Amino acid sequence: QVLLVESGGGLVQPGGSLRLSCAASRSIFSFNAMGWYRQAPGKERELVAGITTGGSTNYADSVKGRFTISADNAKKPVYLKMNSLKPDDTAVYYCNGELRFNARTYWGQGTQVTVSS
């Protein structure tokens with residue numbers, strides 16, 4: 001089984017910052033791509049940021065310029081640095097990856113991010 005475990009969520013005031021971590025049981029090179037998604041109550045799950053094994057990144061327009069997705073030198077953990085947080089960023093954030101070996105998609109259990117005064 002491929003495990004993806006998110007951490008780093010919590011309560012933060014508007015304008016604050018958080019860094020989410022995704023502890024993957026495999027290197028990022030084992031995946032076609034990895035990404036962060038989020039889902040707020042009553043809304044569809046949406047892609048926030050993605051990263052390929054080659055290091056290319058993409059972001060949702062709503063977070064562009066504020067969030068940064070990255071991997072460490074070992075290309076195993078995946079991070080999401082979130083700056084200038086807004087109340088609209090409040091959601092459960094999920095780590096996602098598609099394994100190259102079988103093209104199967106894996107999800108973490110999510111970590112809650114709440115942005116509130």
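These numbers were taken from a predicted model, which means no experiment stands behind them.

J.: Go over the pattern of salt bridges, please, and point to the residues and values.
T.: This model, assessed by the stated rule, comprises three salt bridges. One salt bridge connects Glu 46 with Arg 38, and the closest N-O pair in it is separated by 2.9 Å. The residue Arg 38 makes a salt bridge to Asp 89 at a minimum N-O spacing of 3.0 Å. Highlighted residues: Arg 38 in strand S4 (residues 31-39) and Asp 89 in the loop between strand S8 (78-82) and strand S9 (91-99), separated in sequence by 51 residues.

J.: Account for the pairing of strand S5 (residues 46-52), with residues named and values stated.
T.: Two strands pair when backbone bridges link them, and S4 and S5 are joined in this way by six bridges, in the antiparallel orientation. Bridge pairing in S5 places Arg 38 opposite Glu 46. In this structure, the hairpin formed by S4 and S5 is closed by a connection of six residues, where Gly 42 is found at a positive phi of approximately 80°. The pairing of S5 with strand S6 (residues 57-59) spans three bridges and is antiparallel. Bridging from a neighbouring strand, Ile 51 pairs with Thr 57 of S6. Taking the residues that link successive antiparallel strands as the turn, the S5-S6 hairpin has four residues, and the phi of Gly 55 there is positive, at about 95°.

What counts, and where the lines are drawn
Residues numbered from 1 in each chain as written. Predicted model: local features only at pLDDT ≥ 70, side-chain atom pairs only at ≥ 80, totals over all residues. Heavy atoms only, no water. Salt bridge = Lys/Arg side-chain N within 4 Å of Asp/Glu carboxyl O. Helix = DSSP H or I, 4+ residues; strand = E, 2+ residues; numbered from the N terminus. Pairing = 2+ DSSP bridges.

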